[in-house]
Amino acid sequence: MLIAAFAGISGVNDGGNLIGTYLTSNSVRPLVSMTLLLGSVLVGPLLFGTRVSHTIAVEIVNFQAAGHQVLAVSLLAAVVTLLVTWRLSIPTSTTMALAGGMVGAVIADGHLGLIQWPGVLKVAIGLVGSVLVGFFVAFLLSSFLWMLMRRYPQIGFAGGRAQMATIVFQGLAYGANDQEKAIGLMAVLLMLVGHHVRYQVSLLAIVLPWLFWTGGLFVGGLRIARTVSGHVFKLVDMSAVSTQLGAALTVGAAALLGLPVSTTQTTDGSLFGTGTALKPYHVRWHTVGKFFRVWALTLPLAVVMGMVMMGLVRVVGL
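Quantities reported herein were computed from a predicted structural model and do not represent experimental measurements.

A.B. asks: I would appreciate a short explanation of the overall build of the chain in the present structure.
C.D. replies: The secondary structure content of the chain amounts to 13 helices and 0 strands. Within the chain, the proportion of its 318 residues that are buried is 55%. Restricting to contacts in the chain with at least 6 residues of sequence separation, those with at least 24 account for 87%. Surface summary for the chain: the accessible area is close to 13,300 Å², and the carbon and sulfur share equals 73%.

In structure tokens form, the structure reads like this:
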């Protein structure tokens, strides 16, 4: 149930952030965009592998030693954290919420030795690096495409096809990275329930989180999408393509390295890069500042939530 909630809220938060970059564009119909996105998110783990799920499931906390209770509390803390930021209509990082919930739950459980700090550092490097890399990749892509379109105006007629391609690429990258957090959790649950020693990802562990994610996208993703699409920088066809492609390249590269990153943060970093390259004075920097404040709040909030939830579990004797 908690994994379903986490995947569903990820669909609201991350799915809204993904579709927000092309919500204002008329090049691709919304139904086509949604179909391409959903299909590519499902295929992503099958195409690029499940290295990120291993990082989340095995390299942060030793859940085999910690047990079901710590896993459940970690998920509950992450879900509550994401609900708080969702109420603020601000896309945040599911990776931060999940990692923070894990660390907080283990700290409150009194087993610091179960936290694998190299894995925590790996997550931190991925999160910070992805925003910076996404910014610079989108900045360079936007500058290049703008120069190309001014020199060859006829290239603009390919905007719709280019955007369809970037939607697919971005969905594949998301499926191979962000979506694998829920996949990893599902695989851990199946491992604990089945008393397996070796971590493995089954097709069931891939499909179930995708179904929950899809439900979340349809239920609440549009609310997040409106914030992303219009409140940072007004996107047109070319800027949507460069933003999506910049984020997809960054997230896809991180997935191949097994680095869990936030597609939400990376896409927002790419969005900032695109706006800075094209029209820096049109970027709504007060909204950018709000994003960073929420991001900075997410990790400590999730750690505190994990500690509080574990404390409550101990008090009621579950």
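A.B. asks: What is the right way to look at helix 6 (residues 94–109) in this model?
C.D. replies: Along an α-helix, residues three or four apart share an orientation, since each turn contains 3.6 residues. For helix 6, built from 16 residues, the straight-helix expectation of 22 Å at 1.5 Å per residue is met to within 8% by its first-to-last C-alpha distance of 22 Å. Helix 6 sits mainly inside the fold: 14 of its 16 residues count as buried. Of the residues trailing helix 6, Gly110 is marked for its positive phi of about 80°.

A.B. asks: How should I be thinking about the pattern of salt bridges in this particular structure?
C.D. replies: Pairing of side chains with opposite charge becomes possible as their charged atoms draw close. Applying the stated rule across the entire model yields 3 salt bridges. Close ionic contact of Asp109 with Arg314 constitutes a salt bridge, the shortest N to O distance being 3.3 Å. Placement of the pair is Asp109 in helix 6 and Arg314 in helix 13 (residues 285–316), with a sequence separation of 205 residues.

Conventions adopted
Residues numbered from 1 in each chain as written. Predicted model: local features only at pLDDT ≥ 70, side-chain atom pairs only at ≥ 80, totals over all residues. Heavy atoms only, no water. Helix = DSSP H or I, 4+ residues; strand = E, 2+ residues; numbered from the N terminus. Buried < 20%, exposed > 50% of the residue type's maximum accessible area, 1.4 Å probe, protein only. Contact = heavy atoms within 4.5 Å. Areas by Shrake-Rupley, 256 points an atom, 1.4 Å probe, with all protein chains shown as cover. Expected span 1.5 Å × (residues − 1). Salt bridge = Lys/Arg side-chain N within 4 Å of Asp/Glu carboxyl O.

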